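A structural walkthrough
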Amino acid sequence: AGSMSYRARVFDLSREGCKLEFVERPSVEEHVWVRFEGLEALEAEVRWVQGFAVGVQFTRPLHDAVFQRLVERSA
């Protein structure tokens, strides 16, 4: 936790998780922290890895208001 920091591209964001594009690939079941600008880091577990893309599931789903804010910012 917090030992390394990488910028990643986010795809397919949902309340439960998202797809990330990493340069350094984590392993399945590894825990990572995803930080969106203006929010605290969210703990997530890597569920799948395909090339440089990984699917993560947040430990706690995003609150509806937080999810809506992220969607509005990305539009």
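Above this text sits the structure in question.
1. Considerations on unusual backbone geometry
With phi around 50 degrees, D12 is a residue other than glycine that occupies positive phi space. Assignment of secondary structure puts D12 in the loop between β1 (9-11) and β2 (17-21). Its relative accessible area of 62% is what places D12 among the exposed residues. Positive phi, close to 75 degrees, is recorded for E29, a residue that is not glycine. You can see E29 is positioned in the loop between β2 and β3 (31-34). Judged by relative accessible area, E29 falls into the exposed class, the value being 57%.

2. Re the pairing of strand β5 (residues 53-58)
A large share of β5 lies buried, amounting to five of its six residues. As defined by bridge partners, β2 adjoins β5 across five bridges and the pair is classed as antiparallel. Note that in β5 the partner of C18 across the bridge is V56. Pairing geometry for strand β4 (residues 42-50) and β5, over six bridges, is antiparallel. Bridge pairing in β5 links W48 to G55. Counted along the chain from β4 to the antiparallel partner β5, the turn is two residues long, and its residue G51 has a positive phi close to 65 degrees.

What counts, and at which threshold
Residues numbered from 1 in each chain as written. Predicted model: local features only at pLDDT ≥ 70, side-chain atom pairs only at ≥ 80, totals over all residues. Heavy atoms only, no water. Helix = DSSP H or I, 4+ residues; strand = E, 2+ residues; numbered from the N terminus. Buried < 20%, exposed > 50% of the residue type's maximum accessible area, 1.4 Å probe, protein only. Pairing = 2+ DSSP bridges.

Function cannot be read off these values alone, since they describe shape.
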